[in-house]
Amino acid sequence: MTSPAPIALFVYNRPDHTSETLAHLRKNELASESELFIYSDGAKTAKDEPGVLEVRRIAREVTGFKTIKLIERESNLGLAKSIISGVTDLVNTHGRVIVFEDDLVSSPYTLKYFNDALERYQNDDKVMHISSYIFPLENSELPETFFFRAAFSWGWATWDSAWKNFEPDIDKLIPKFDEQKINQFSIEGTMNFWKQMLDFKAGKNNSWAIRWYASVFLNGGLTLNPSRSLVHNIGHDGSGTHSNIENMYSTHVAQQPVSYFPDLIKENEKAYDAIKYFLSNRKGSILQRLIRRAKQLKVKYFSRG
């Protein structure tokens, strides 16, 4: 294998989350051979400044990687601009990149999975994205890894050849969708991907991820996914940019290396059905939805001021 791909870690003002993410990354099999680039966004408000400074202190003390570079933004770019800028820089200089945010607990074999897949599919233009997170699926017949249409953003990797197709302009993306494509894009209406597109257009979110998925989808791309998740998101405590209080996406991180990668570059039908079933049923009963909403409102109310 060639040298491991560089790791881009995007952080802001959550020191505890950042410390846990780094602690698990350090335990990865290829950590000591990997270059780590930590992108620290500038504080948006004076209230955020202490957290930003503490995260930067933690970043300066990190060990366990081949090299570590801390990029301290002087102003606040926001998560979307920070990720787009950092990913673009690294794929332009290294040809590929592994991307983490500050709330992802990884398996000891996550970096190996990424690097094995990056090398295996580097010449297959149809493979545009490698995901490390997967929903807690119940289908035990799924292979270790499979291809799917949606690009999940909780720990991912890509190449410069794929990233050059990223279209950040929502006004160029939306007209390319007709009713049939919207249905396919949203997994037959089971996930609010299209709503995220419209919300971005309306200024209600600033998601880079939905525009990246749209770019992959419109280019006929596929994403590689593990059937057992290699990361767990610890940010669903109301502390993140796009996070709420919820546990529907909780999963157990796989503790074994991935050894199987499909030769046929085609969406796995069983995986599609399993994901569609999960998305259709993930919110639970009406009572469960009401309880979850009450928790979200409580956090939102008490976090004011």
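Below is a summary of the structure that appears in this document. As the structure is a computational prediction, the values presented were derived from the model and not from experiment.

Calculation rules
Residues numbered from 1 in each chain as written. Predicted model: local features only at pLDDT ≥ 70, side-chain atom pairs only at ≥ 80, totals over all residues. Heavy atoms only, no water. 1 Å grid on protein atoms, 1.4 Å probe; cavity = no way out; pocket = protein on both sides within 12 Å on 5 of 7 lines; lining within 4 Å. Points joined across faces, edges and corners; volume = space filled by probe spheres on them. Nonpolar A, V, L, I, M, F, W, Y, C, P; charged D, E, K, R; others polar. Pairing = 2+ DSSP bridges. Helix = DSSP H or I, 4+ residues; strand = E, 2+ residues; numbered from the N terminus. Axes fitted to C-alpha atoms, helices over the stretch in contact; angles between N-to-C directions. Core = buried A, V, L, I, M, F, W, Y, C linked by side-chain atoms within 4.5 Å. Buried < 20%, exposed > 50% of the residue type's maximum accessible area, 1.4 Å probe, protein only. Contact = heavy atoms within 4.5 Å. Phe/Tyr/Trp six-rings, centres within 6.5 Å; stacked < 30°, edge-to-face > 60°. Polar contact = N/O pair within 3.5 Å; in protein donor to acceptor, adjacent residues only side chain to side chain. Parallel < 35°, antiparallel > 145°, perpendicular 65-115°, else oblique. Left-handed = near helix turned anticlockwise from the far one by under 90°.

## Here we look at the layout of surface pockets
Leftover empty space is mapped by rolling, across the atoms, a probe with the size of a water molecule.
Working step 1: Estimates place the volume of the second largest pocket at around 230 Å³.
Working step 2: Contributing to the lining of the second largest pocket are 13 residues, with Pro136, Leu137, Ser227, Arg228 and Ser229 lying nearest its centre.
Working step 3: Residue classes in the lining of the second largest pocket are distributed as five nonpolar, seven polar and one charged.

## Thoughts on the sheet that holds strand E3 (residues 67-72)
Working step 1: Reading across the sheet, the eight strands line up as E3-E2-E1-E4-E8-E6-E9-E7 and stay open at both edges, with mixed pairing between neighbours. Every other strand in the sheet has two partners, leaving E3 and strand E7 (145-148) as the edge strands with one partner each. Looking at each pair of strands side by side, their axes are set apart by 25 degrees on average, direction ignored.
Working step 2: Inspection of the sheet shows strand E2 (residues 35-40) paired to E3 by six bridges, in the parallel sense. Bridge pairing links Phe37 to Lys69 in E3.

## Describing the nonpolar core
Working step 1: Of all hydrophobic cores here, the largest spans 91 residues; its most connected members are Phe100, Phe185, Met197 and Trp212.
Working step 2: Counting residues per element, this core draws most heavily on helix H9 (residues 208-218), which supplies eight residues.
Working step 3: With residues up to four places along the chain from it excluded, the contact list for Trp212 reads Met128, His129, Ala151, Trp156, Thr158, Ala162, Trp163 and Phe166.

## Brief notes about the environment of Glu29
Working step 1: Along the chain, the position of Glu29 falls in the loop between helix H1 (15-26) and E2.
Working step 2: Residue classification places Glu29 among the partly exposed positions, given a relative accessible area of 43%.
Working step 3: Sequence separation between Glu29 and Ser107 is 78 residues, and the spatial gap between their C-alpha atoms is 9.4 Å.
Working step 4: In this structure, Glu29 is in contact with Pro108, Tyr109 and Lys112, ignoring residues within four places of it in sequence.

## So, the packing of aromatic side chains
Remark: the centre distance and the inter-plane angle together describe each pair of aromatic rings, the angle taken between the planes.
Working step 1: Taken as a whole and judged by the stated rule, the model has 28 aromatic pairs.
Working step 2: Relative to Phe217, the ring of Tyr213 lies with its centre 6.2 Å away and its plane at 75 degrees, an arrangement referred to as edge-to-face. Of the two residues, Tyr213 and Phe217 are both situated in helix H9; the distance of four residues between them amounts to about one turn of the helix. Assigned by exposure class, Tyr213 and Phe217 land together as buried.
Working step 3: Through a chain of ring-to-ring contacts, the aromatic side chains of Tyr133, Phe135, Phe148, Phe152, Trp154, Tyr249, Tyr272 and Phe278 assemble into a single cluster.

## Quick word on the side chain of Asp103
Working step 1: Take Asp103: it is sitting in the loop between strand E4 (96-101) and strand E5 (104-106).
Working step 2: Asp103 gets classed as buried once you look at its relative accessible area, which sits at 8%.
Working step 3: Engagement of the side chain of Asp103 in a polar contact is seen with the side chain of Arg14, the distance being 3.0 Å.

## Comments concerning the packing of helix H8 (residues 193-201) against H9
Working step 1: With their axes 10 Å apart at the nearest point, H8 and H9 run at an angle of 120 degrees to one another. With respect to their mutual orientation, H8 and H9 come out oblique. The handedness of the crossing between H8 and H9 comes out as left-handed. Taken together, the residues of H9 that come into contact with H8 (itself represented by Phe193, Gln196, Met197 and Phe200) are Ile210, Arg211, Tyr213 and Ala214.

## Some details on unusual backbone geometry
Working step 1: Positive phi values are uncommon outside glycine, yet Ile187 reaches one of about 55 degrees.
Working step 2: As for its placement among the helices and strands, Ile187 is situated in the loop between helix H7 (179-185) and H8.
Working step 3: The residue Glu188 is not glycine, and still its phi comes out positive at about 60 degrees.
Working step 4: Position of Glu188 relative to the elements: it lies in the loop between H7 and H8.

## Side note on the packing of H1 against helix H2 (residues 49-60)
Working step 1: Where H1 meets H2, the closest approach of the two axes is 9 Å, and the angle between their N-to-C directions is 20 degrees. For the element pair H1 / H2, the angle class is roughly parallel. As H1 runs across H2, the sense of the crossing is right-handed. Across the interface between the two elements, Pro15, Thr18, Ser19 and Leu22 of H1 pack against Gly51, Glu54, Val55 and Ile58 of H2.
Working step 2: Across the contact of H1 with H2, the residue classes tally to four nonpolar, three polar and one charged.

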